[in-house]
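Now for the letters of each chain:
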Amino acid sequence: MDRIFSGIQPTGKLHLGNYFGAIQNWVRLQEEYNSMLYSIVDLHALTVPREPAVLRQSILDTTATLLACGINPEKCLLFQQSQVPEHAELGWILGCLTSRPRIQSFPQWKVKNASQNYEGTVGLFTYPVLQAADILLYKSTHVPVGEDQVLHLELARDIAQHFNKKYGNFFPVPKAILSTTKKIKSLRDPTAKMSKSDPQKLGTLNITDSPEEIVLKFRKAVTDFTSEVTYDPDSRPGVSNLVTIHAAVTGLSIKEVVHQCVGLDTAHYKGIVAEAVIQKFVPIRNEIKRLQEDKSHLEKVLQAGAEKAKELASPVYQEIKRLVGFQ
């Protein structure tokens, strides 16, 4: 049976890149597959310093956002990673099958370690192994990924094959479901992807931004000195990013968006894209606010999801313990 696993960190507010790169895909996939697991991966969130109270609230806010965007706990398992301890336990076993040079070669480690003054923690170093454990614990067959996560999935595949060679054919080797959505870039630096950690706050469009904030961020978006609307990411990354966002929120193709905007200057076009984003996300924002007011409901959703996830994880992990010699 096909089984899909994917996770999202509860770190900061979710933005348009998260929505179009992951969440929108999750909503579609829950209608196409019978076994779907979506995890709020709070263990991964500890790879950078977090205040406990902030992390607790971020877990609930992320849950509210996913539900408001269309994730349906009746059609998938939505759960908090740390509530299923087998994730961390399997992570240790798989870490003992993974070489240090393999992890050191990851570009994400080099970038994130540099951002922490080359004092990155052991957790930051080994989190790709924990990602592999997240996937393999449920014998997942498919994983939705963006371009920047392909190497991590390759590690999970390699670890599965290594484990199977050593202990017998046990894990499916998971396959990628690649996102077809073009990557959303920062409004202030259109050569970089939109990010929760962008120091330029005007560069990131959060799902929960007010209409006034959305208009301001588009007004300040970096473009160029050519006024017409065209799509050429290499020579006109700023305007092309606006076109990508416009296409994503309306469901139109890039070609259709550009055709509709013939004769518009970029200043006017920013307002049109802002309005399209507002129309798309204000209803979601309102639903997030409603859900955030019902903390007990959010906690019940996560608890119910964790119980179902444990039912799947426990027999798999018991067999792993037998295979490696723990019992």
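Further up the page is the structure itself.
Residues numbered from 1 in each chain as written. Predicted model: local features only at pLDDT ≥ 70, side-chain atom pairs only at ≥ 80, totals over all residues. Heavy atoms only, no water.

### Overview of the environment of W26
So, step 1. Tracing the backbone through its elements, the reader meets W26 in helix α1 (residues 16-32).
So, step 2. Since its relative accessible area comes to 1%, W26 is described here as buried.
So, step 3. In this structure the C-alpha to C-alpha distance between W26 and H259, which are 233 residues apart in sequence, comes to 30 Å.
So, step 4. Ignoring any residue separated from it by four or fewer positions in sequence, one finds W26 in contact with S6, G7, I8, Y38, L66, I71 and P144. (Helix = DSSP H or I, 4+ residues; strand = E, 2+ residues; numbered from the N terminus. Buried < 20%, exposed > 50% of the residue type's maximum accessible area, 1.4 Å probe, protein only. Contact = heavy atoms within 4.5 Å.)

### Some details on the packing of α1 against helix α12 (residues 266-292)
Between two packed helices, the angle of one axis relative to the other and the distance separating the axes together describe the packing.
So, step 1. α12 packs onto α1 with a crossing angle of 80° between their chain directions and a minimal axis gap of 13 Å. Relative to α12, the element α1 lies roughly perpendicular. Residues L16, Y19 and F20 of α1 lie in contact with α12, whose contacting residues are V277, K280, F281 and I284.
So, step 2. When the residues that make up the contact of α1 with α12 are grouped by side-chain class, the tally is 6 nonpolar, no polar and 1 charged. (Axes fitted to C-alpha atoms, helices over the stretch in contact; angles between N-to-C directions. Parallel < 35°, antiparallel > 145°, perpendicular 65-115°, else oblique. Nonpolar A, V, L, I, M, F, W, Y, C, P; charged D, E, K, R; others polar.)

### Topic: the pattern of salt bridges
So, step 1. Under the counting rule described, the total for this entry stands at 9 salt bridges.
So, step 2. When the shortest N-O distance is used, the salt bridge between R28 and E32 registers 3.2 Å. Of the two residues, R28 and E32 both sit in helix α1, 4 residues apart, roughly one turn of that helix.
So, step 3. Of the residues examined, R28 reaches a relative accessible area of 38% and is grouped as partly exposed.
So, step 4. Residues R157 and E154 are paired through a salt bridge, measuring 4.0 Å at the closest nitrogen-oxygen approach. Of this pair, R157 and E154 both sit in helix α8 (residues 150-167), separated by 3 residues, roughly a single helical turn.
So, step 5. By relative accessible area, R157 is classed as partly exposed at 23%.
So, step 6. On the basis of relative accessible area, E154 is assigned to the partly exposed category, the value being 34%. (Salt bridge = Lys/Arg side-chain N within 4 Å of Asp/Glu carboxyl O.)

### Examining α8
So, step 1. The terminal C-alpha atoms of α8 lie 26 Å apart, and with 18 residues this matches the ideal 26 Å at 1.5 Å per residue to within 8%.
So, step 2. Every buried residue belonging to α8 is among H152, L153, L155, A156, I159, A160, F163 and N164, and all of these are buried.
So, step 3. Looking one or two places after α8, you find G168, whose phi comes out positive at around 105°. (Expected span 1.5 Å × (residues − 1).)

### So, the environment of A114
So, step 1. With respect to the helices and strands, A114 occurs in helix α6 (residues 107-115).
So, step 2. Considered as a pair, A114 and A132 are 18 residues apart in the sequence and their alpha carbons are 23 Å apart.

### Section: the environment of N18
So, step 1. By the element assignment, N18 lies in helix α1.
So, step 2. In contact with N18, other than residues within four places in its own chain, are K13, I23 and K196.
So, step 3. Within polar-contact distance, the side chain of N18 engages the backbone nitrogen of H15 at 2.9 Å. (Polar contact = N/O pair within 3.5 Å; in protein donor to acceptor, adjacent residues only side chain to side chain.)

### Quick notes on the nonpolar core
So, step 1. Formed by 57 residues in total, the largest nonpolar core has its most connected members in I207, F218, I245, Y269, V277 and F281.
So, step 2. Counting residues per element, this core draws most heavily on α12, at 10 residues.
So, step 3. If near-sequence neighbours (up to four positions away) are discounted, I207 is found in contact with L14, H15, Y19, I23, T65, C69, F281, I284, R285 and I288.
So, step 4. With 39 residues, the next largest nonpolar core counts I93, L94, I103 and Y127 among its residues. (Core = buried A, V, L, I, M, F, W, Y, C linked by side-chain atoms within 4.5 Å.)

### Remarks on the side chain of E86
So, step 1. Residue placement: E86 occurs in helix α4 (residues 86-95).
So, step 2. Setting aside anything within four residues of it in sequence, one finds E86 in contact with L137, S314 and Y317.

### What to know about the pairing of strand β1 (residues 4-8)
So, step 1. Within β1, 4 of the 5 residues are buried, which leaves the element mostly enclosed by the surrounding structure.
So, step 2. Examined bridge by bridge, β1 and strand β2 (residues 36-40) share 5 bridges and lie parallel to one another. Paired with S6 across the two strands is Y38, which belongs to β2.
So, step 3. Assessed by its sense of winding, the connection that carries the chain from β1 through α1 to β2 is right-handed. (Pairing = 2+ DSSP bridges. Right-handed = clockwise from strand over helix to strand, strands pointing away.)

### A closer look at the packing of aromatic side chains
Aromatic ring pairs: the centre-centre distance and the angle between the two ring planes describe each pair.
So, step 1. Applying the stated criterion across every chain, the model contains 10 aromatic pairs.
So, step 2. Each ring, one from Y19 and one from F20, has its centre 4.9 Å from the other, and the planes form 90°; the classification is edge-to-face. One exposure class covers both Y19 and F20, and it is buried.
So, step 3. Measuring from ring centre to ring centre gives 5.0 Å for Y19 and F281, while their planes differ by 85°; the resulting arrangement is edge-to-face. Here F281 lies in helix α12 and Y19 lies in helix α1, a separation of 262 residues in the sequence.
So, step 4. Aromatic ring contacts, followed pair by pair, group F163, Y167, F170 and F171 into a single cluster.
So, step 5. Just above the ring of F170 sits the side chain of K139; from NZ or CZ to the centre is 3.9 Å. (Phe/Tyr/Trp six-rings, centres within 6.5 Å; stacked < 30°, edge-to-face > 60°. Lys NZ or Arg CZ within 6 Å of the ring centre and 35° of its normal.)

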